[in-house]
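# Structure at a glance
The chain contents come next:
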Amino acid sequence: MSVPLGYYLMLGGVLFCIGLCGALTRKNAIAVLMSIEIMFNAAILNFVVFWYYLHNGALTGQMFALFAIAVAAAESAVGLALVISVYRHYRSVDVDEMKALKG
Amino acid sequence: MDAIYQLIHDYCPTMPDWLALALAILLPIAIVMGVFLTVFALLTWVERKALGRIQNRRGPNRVGPVGLFQPIADGLKLLTKEDIVPNAADKVVHFLAPVLVVVPAFMVLAVVPVAKGFIAVDLNIGVLFALAVSTASVLALFMAGWASHNKFSLLGAMRGVAQVVSYEVPMVLAAVVVLMASGSLSSVSIVEAQRGLTGWFVCKPWGLVGFVIFQLCAMAEVARTPFDLPEAESEIVAGYHTEYSGFKFALFQMGEYVAAITMGGITVTMFLGGYLGPGCDLPKFGWLISACWFFAKLGIIVVINIWARGTWPRVRVDQLLGFAWKLLLPLSLVNIVAMAVWHFAPNKLVGWVESAVLLAVAIVALVKINAGQTFEKRSYRFTS
Amino acid sequence: MNIVFLTLSAIMVLGAVLAVTLRNLVHCLLALVVFFLGIAGHFFLLKADFLGAAQILIYIGAVAVLILFAIMLTRNISGTEGGRSSLGGAWWLGVGLASSLAGMMCVFVRRSELVTKLPYGATEEGVVKEIGKLLVTDWVVPLEIMAVLLTAALIGAVVIALEEEKKR
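What you see is a predicted model; the values in this text were computed from it and never measured.

Bringing the overall build of chain B into the picture now. On a plain count of helices and strands, chain B comes out with 14 helices and zero strands. Walking chain B from its N terminus toward its C terminus, one meets helices and strands in the order α-α-α-α-α-α-α-α-α-α-α-α-α-α. The C-alpha atoms of chain B give a radius of gyration of 22 Å, which matches the 21 Å a tight globule of 384 residues would have. For the C-alpha atoms alone, the extent of chain B along its principal axes is close to 70 × 60 × 40 Å. For chain B, restricting intrachain contacts to residue pairs at least 6 apart in sequence, the fraction spanning at least 24 positions comes to 74%. Of the roughly 18600 Å² of accessible surface on chain B, a fraction of 71% belongs to carbon and sulfur atoms. Within chain B, the 22 negative side-chain charges are centred at a point lying 10 Å from the centre of the 27 positive side-chain charges.

Spelled out as structure tokens, the structure:
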């Protein structure tokens, strides 16, 4: 495969920004979490890309990606539990409506 | 693939290179699809016949000799039926779901070694690939249930999702012992690691427990009868495929049966020695004999499936999930420890005894713990 | 340029864009799954087979299903937002920020000397075995920490989701 590294980096960057855009603009908390997953995946893709292009026989990039995937899974579990908890409280998952600092 | 490429080169050297390559790629796919679709058609007949015998009736016996052409008749009937899409349905998702049900089932076939030297692609992560892809069928199931906009469909889909996700965990953990024993994820090297008279993993204490767990989980994963809550006729019509008719319904049936066959194939590969058997190494007809061995073992799994379907009642949802989380999951964890005990034992006999005792104690303890509990009375939150 | 790379990337970007723009949350989820599949495909292209399979197993088998349950538990089952706008008030600010960041990244990547770098040589087939060995030797401490983290996350998620139930 002869795709230069630059294209992969741009792909990762664009995907990250799509996720960022979603995280900044969506009102639904679950949609925000989904956008964050997109950002996570773009970053993980970059780990693997750098491993593939720059590795010195070491597997550090892949290992890091593996751990990042595990952390992302834990993050989404806790995040969604929080969303459900918030929903029980406010009867809504709209992030604009969650502005009480207390109670 | 390379072997076929070589073969084509030897027999017709005049063939252009790209055509030979295309043939080498397409031929295994065609063979695998053809063989397994035939097996699927036969299986529906065998299942109906066997169930008929269990229930003291004859089963299909009108079309062809002893009803052998029944699958063809069924297929023709379903093909000519009207395809009804509910008005409220989400059209695109409703259309995609039956297609996506079939795809993972067939993708798993790519890593099942059917005969000696006959495997579509020998991935070095074969088993992991199979497990990962078979999980993906959850989404197709959910899409079908959600897109239909029907209460029963959605209930069936959510049941299916909960069930598949729960049973995935003990299934993967049961597969871990095999990976520990063979030291590889490739399905061919797993089969090759089971050579010898009692080499099959099922002949060892941890292998036997692993095999039972894996088989139960495989049955739950493809929603075979003791675990067929997602499509329980007496409760939720037909579950997630209530709103499907005609060919789409046929696709659902096909996906289910092909998934059952492929899960059986994976079970055979991992625990029953795959294509190994007396005569599988013969130079001339080794591949044929090994294929016969593979399909004979697959037949055993299929018979177990049909037998379970014919003789067990459907379980309840709480029983189903409790069984996975409270019995199978701890047992599969103990099983991994038993495998480690076996591995580090000073000699074979000690290892055998130690791991067998450990597993027996664990099984007795788990059954004892789970037997004492009674199910609390069901309370309904949303009815007054 | 490789045609496989281009097609896969196009499908992936499309999936990501749909996942952040569609109004129906279930449709968003399905687009997100397409995106996850694209990432897994890229892992296979980059010869990281194990990661590709792990990606399918974890993201499609677990995370997507989790999100699915969250959608089912918090919304009416149709997944629509009931006529209200799905975007926040200052959405143009977010879009502007993200697109300018994307533009900046592309420019910087173009200027970097890495841009035409080709793969560092073929990676051997036995990477899976190597990963397994590394996990229990050099990376054993991170692995254990990961185990603790996952357990904590599991218990934490259960506690958070259960909490309100008791009060009511």
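Let us look at the domain arrangement of chain B. Residue and element names in this part refer to chain B. Each domain of chain B was delimited in the assignment, giving domain 1 (1-71) and domain 2 (81-315). Once you take the C-alpha centre of each, domain 1 and domain 2 turn out to be 18 Å apart. Between domain 1 and domain 2, the residue contacts involve 15 residues of the former and 17 residues of the latter. Between domain 1 and domain 2, the buried area comes to about 1700 Å², and carbon and sulfur atoms account for 89% of it. Sorting the residues of domain 1 by area buried against domain 2 places F36, F40 and E47 first, and these three jointly supply 36% of that buried surface. Inspection of the domain 1/domain 2 interface yields one salt bridge. A salt bridge links E47 to R309, with the shortest nitrogen-to-oxygen separation between them at 2.6 Å. Applying the counting criterion to the domain 1 and domain 2 interface returns two residue pairs in polar contact (both at pLDDT 80 or more).

This part is about the nonpolar core. Counting residues in hydrophobic clusters, the biggest one holds 181 residues, and the most contacted among them are L15 and L45 of chain A, F214 of chain B together with F35 and I67 of chain C. Per element, the largest residue contribution to this core is 15 residues, and it comes from helix α3 (residues 49-74) of chain C. Taken domain by domain, this core gets at least three of its residues from each of domain 1 (1-71) and domain 2 (81-315) of chain B. Excluding anything up to four places from it in sequence, L15 of chain A contacts I38, A42 and L45 of chain A together with M12, V13, A16 and F35 of chain C.

Take the side chain of Q194 of chain B next. Residues and elements named next belong to chain B. Looking at the secondary structure, you find Q194 in the loop between α8 (187-192) and α9 (205-221). Here F201 takes part through its backbone nitrogen, which lies 3.3 Å from a polar atom of the side chain of Q194. Among the polar contacts listed, one links the side chain of Q194 to the backbone oxygen of T269, at a separation of 3.0 Å. The residues contacting Q194, other than those within four sequence positions of it, are G199, W200, F201, T269, M270, F271, L272, G273 and L276.

Time to look at the packing of helix α7 (residues 151-182) of chain B against α9 of chain B. Relative orientation and spacing of two packed helices are given, respectively, by the angle between their axes and the distance between those axes. Residues and elements named next belong to chain B. Packing of α7 against α9 brings their axes to within 9 Å, and their N-to-C directions diverge by 150°. With respect to their mutual orientation, α7 and α9 come out roughly antiparallel. Between α7 and α9 lies a crossing whose hand is left-handed. Listed contacts from α9 to Q163, V164, Y167, E168, P170, M171, A174, A175, V177 and A181 of α7 are W206, G210, I213, F214, C217, A218, A220 and E221. For the contact of α7 with α9, the class distribution of residues is 14 nonpolar, two polar and two charged.

On to the packing of helix α2 (residues 29-54) of chain A against helix α3 (residues 60-90) of chain A. Residues and elements named next belong to chain A. Put simply, α2 and α3 touch, their axes get as near as 9 Å, and they point 175° apart. Comparing the axis directions of α2 and α3 gives the class roughly antiparallel. When α2 is examined against α3, the residues A29, I30, L33, I36, E37, F40, I44, F47, V48 and W51 are found in contact with a partner set consisting of G61, Q62, F64, A65, A68, I69, A72, E75, S76, G79, L80 and V83. Taken together, the residues that form the contact of α2 with α3 break down as 16 nonpolar, four polar and two charged.

Attention now goes to the interface of chain C and chain A. Across the boundary between the two partners, chain C contributes 85 residues, which contact 75 residues of chain A. Of the roughly 7300 Å² buried between chain C and chain A on both sides combined, carbon and sulfur atoms contribute 77%. Here chain C is connected to chain A by zero salt bridges. Linking chain C to chain A there are two residue pairs in polar contact (both at pLDDT 80 or more). With 13 residues, α3 of chain C is the largest single contributor of residues to the side of chain C that touches chain A. Of the residues that constitute the side of chain C that touches chain A, the class distribution is 60 nonpolar, 14 polar and eleven charged.

Often, the extent of an interface is quoted as the loss of accessible area upon association of its parts. Taken together, the contacts link 26 residues of chain C with 25 residues of chain B. For the pair chain C and chain B, the summed buried surface comes to about 2100 Å²; carbon and sulfur atoms form 80% of the total. Here chain C and chain B share zero salt bridges between them. Taken together, chain C and chain B are joined by zero residue pairs in polar contact (both at pLDDT 80 or more). Looking at the side of chain C that touches chain B, the elements with two or more residues in it are α2 (25-45), α3 and α5 (127-136) of chain C. Broken down by element, the side of chain C that touches chain B gets its largest block of residues, 13 residues, from α3 of chain C. Class assignment for the residues of the side of chain C that touches chain B results in 17 nonpolar, four polar and five charged.

For N56 of chain B, which is not glycine, the phi torsion reads 60° and is therefore positive. Looking at where N56 of chain B falls in the secondary structure, it is placed in the loop between α2 (17-54) and α3 (70-80). Even without a glycine there, the phi angle at K47 of chain C is positive, about 65°. Mapped onto the fold, K47 of chain C is located in the loop between α2 and α3.

Moving on, we come to the confidence of the model for chain B. It should be kept in mind that the predicted coordinates are not to be read in detail where pLDDT is low. Across chain B, the average pLDDT comes to 81, with 93% of residues at or above 70. No element of chain B has a lower mean pLDDT than helix α1 (residues 2-11) of chain B, which averages 67, and none a higher one than α9 of chain B, which averages 87.

Across the two pairs of chains that are in contact, the largest number of contacts falls between chains A and C. Here chain A and chain B are not in contact; the least distance found between their C-alpha atoms is 14 Å.

All names here are of chain B. With respect to the helices and strands, S245 occurs in the loop between α10 (233-236) and α11 (246-271). Considering only alpha carbons, one finds S245 and R309, 64 residues apart in sequence, at a separation of 24 Å. In this view, S245 contacts E82, D83 and I84; residues no more than four positions away in its chain are not counted.

The rules behind the values
- Each chain has its residues counted from 1, following the order in which its sequence is written.
- Here chains are named by letter from A upward and ligands by number from 1 upward, in the order in which they appear as written.
- For a predicted model such as this one, the threshold for reporting local features is a pLDDT of at least 70, and the threshold for listing and counting side-chain atom pairs is 80 or more; totals across whole chains, interfaces and linings nevertheless cover every residue.
- Working from all heavy atoms in the structure, the side-chain values ignore hydrogens and water.
- Put simply, DSSP H or I for four residues or longer makes a helix, DSSP E for two residues or longer makes a strand, and each gets a number counted from the N terminus.
- This radius of gyration counts C-alpha atoms alone. The globule rule is 2.2 Å times how many residues there are, raised to the power 0.38.
- Contacts between residues were defined by any pair of non-hydrogen atoms, one from each residue, lying within 4.5 Å.
- For the accessible areas, the method is Shrake-Rupley and the probe is 1.4 Å, while residue cover comes only from the protein chains on display.
- Note on charges: Lys and Arg go in the positive column, Asp and Glu in the negative column, and His and the chain ends are not counted at all.
- Here the site of a charge means atom NZ of a Lys, CZ of an Arg, CG of an Asp or CD of a Glu.
- An automatic or database domain assignment supplies the start and end points of every domain.
- Two parts placed together each lose some accessible area; with a 1.4 Å probe, that loss summed over both constitutes the buried area.
- A carboxyl oxygen of Asp or Glu within 4 Å of a side-chain nitrogen of Lys or Arg is what we treat as a salt bridge.
- Identification of polar contacts relies on pairs of N or O atoms within 3.5 Å, with a donor-acceptor requirement for protein atoms, meaning one able to donate a hydrogen and the other able to accept it, and with residues adjacent in sequence counted only if both atoms are side-chain atoms.
- Nonpolar cores are built from buried Ala, Val, Leu, Ile, Met, Phe, Trp, Tyr and Cys residues. Side-chain atoms within 4.5 Å join them into one set.
- The rule is simple: take the accessible area with a 1.4 Å probe, protein chains only, and divide by the maximum for that residue type; under 20% is buried, over 50% is exposed, in between is partly exposed.
- Angular values range over 0 to 180 degrees, each being the angle between N-to-C directions of two axes fitted as lines to C-alpha atoms, with helices fitted over their stretch in contact.
- Any angle between 65 and 115 degrees counts as roughly perpendicular, while under 35 counts as roughly parallel, over 145 as roughly antiparallel, and the rest as oblique.
- Note on convention: the crossing is left-handed when the near helix lies turned anticlockwise from the far helix by less than a right angle, right-handed when the turn is clockwise.
- The classification used treats Ala, Val, Leu, Ile, Met, Phe, Trp, Tyr, Cys and Pro as nonpolar, Asp, Glu, Lys and Arg as charged, and all other residues, Gly among them, as polar.
- Residue-level confidence of the predictor is summarised by pLDDT, bounded by 0 at the bottom and 100 at the top.

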